[in-house]
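As a plain string of letters, each chain reads:
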Amino acid sequence: MSKIQEVASAVEMGKSKIVGGLTQEALNEGASAVDVLNAMIDAMGVVGEKFKNNEIFVPEMLVAARAMKKGVEVLKPHLASGEAGKAGKVIIGTVAGDLHDIGKNLVAMMIESAGFEVIDLGVDVPTEKFLEALKANPDVKIVALSALLTTTMPAMKATVEALNALENRGAIKVMVGGAPITQAFADEIGADAYTADAASAAQKAKELAA
Ligand code: B12
C-alpha cells in the first residue's frame, strides 16, 4: 500500500492518532499535499457511502472527520501559500442546521491563502449572524455559504435571499458550495457564484473581488 493509500485508509477507519504522522511521512516521501488531500476527500466519500448503506453510523463518520482534521493540520502549511495579501475580507459559515465543517474549513483555508482575511462564523450559522457580521464589517467583499445536507439547502436559500434584500447588495458577492449544491441551485437562489471545490473557490473569490 502506498503511503497516500495508508493515509486514506487511516482517515476512513477514523484513526486520528496516526493520520498526522502518516500524512507527514507521505509528504516526506515526496507526495504532493494536494494529492494527499484528494485521497482524504475520497476517503470521506467512501465513509459517506458506507453510512448511506448502513454499514457504519454517525459515530464512525465523526471519528473519520476528526481523523481527517488531523491530517489537514499537517497539510495546511503546504497548501496555504501564506501570502499576507490584502485581497479583502470574506465572511464564511455553514448554514443553519448544518454541522459539517471540513469542506467549509478547506475553502476558508484556500481563500485565506489567496490573500483574503477570513471571518469564519463556524457551523449552524443563522441568517441573522451573517447579517450582523456584515454590519460589523461593512468592507466585506464576499459572503461564502456552505451546506452539506439536502435538508439545509432551504436554509442556504433563506440566507441568500436575506443577503439579496440588503440595500448595499451590490457591494458584496455571494458564493455558495457544498456537496449537494449545484450551479443551477446557485442560480435559482440568486447567488453570484458556485464552485465545486476549495481550490476553485479561492480562484473564484479572487475574480469576484478584483
Ligand atoms: C463527516 C460527515 C459527518 C460528520 C461531520 C463532522 C464535521 N466536523 O464536519 C458528522 C458525523 C457530524 C455528520 C453528521 C450528519 N451527517 Co454527515 N457526512 C459526513 C461525510 C462522511 C463527509 C463530509 C466531508 O467532510 N467531506 C469532505 C469535504 C472536504 O467535502 P465537502 O464538505 O463536500 O467540501 C468540498 C466541496 O463541497 C466544496 N465546498 C464545501 N463548502 C463550500 C462552500 C463554498 C462557498 C464553496 C464555493 C465550496 C464549498 O469544497 C470542499 C472542498 O473541496 C459526508 C459524506 C460525503 N460524501 O460528503 C456525510 C453526509 C454529508 N452526511 C449526511 C447525513 C445524512 C448526516 C446526518 C443527518 C446523519 C444523522 N442521521 O444524524 C448528520 C447531520 C448533522 C447536521 N445537523 O449537520 C449525508 C447527507 C445526505 C444528504 N444528501 O443530505 C452524507 C452525504 C452521507 C450520506 N452519503 O448519506 N456527518
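Just above, that's the structure.
Residues numbered from 1 in each chain as written. Predicted model: local features only at pLDDT ≥ 70, side-chain atom pairs only at ≥ 80, totals over all residues. Heavy atoms only, no water.

Further remarks concern the coordination of the cobalt atom of the ligand. If you check the protein contacts of the cobalt atom of the ligand, you find one donor only, H100 (NE2), at 2.3 Å. Inspection of the secondary structure puts H100 in the loop between β1 (88–94) and α5 (102–113). (Donors = N, O, S within 2.8 Å, 3.2 Å for Na, K, Ca; no water. Helix = DSSP H or I, 4+ residues; strand = E, 2+ residues; numbered from the N terminus.)

Counting buried positions over the five residues of strand β4 (residues 173–177) gives four, a clear majority of the element. Here strand β3 (residues 140–146) pairs with β4 via five bridges, running parallel. The residue bridging L145 from the neighbouring strand is V176, located in β4. Between β3 and its parallel partner β4, the chain crosses via helix α7 (residues 153–164), and the hand of that crossover is right-handed. In terms of strand pairing, β4 meets strand β5 (residues 193–194) through two bridges, oriented parallel. If you follow V176 over to β5, its bridge partner there is Y194. In this view, the connection linking β4 to its parallel neighbour β5 by way of helix α8 (residues 183–189) has right-handed handedness. (Buried < 20%, exposed > 50% of the residue type's maximum accessible area, 1.4 Å probe, protein only. Pairing = 2+ DSSP bridges. Right-handed = clockwise from strand over helix to strand, strands pointing away.)

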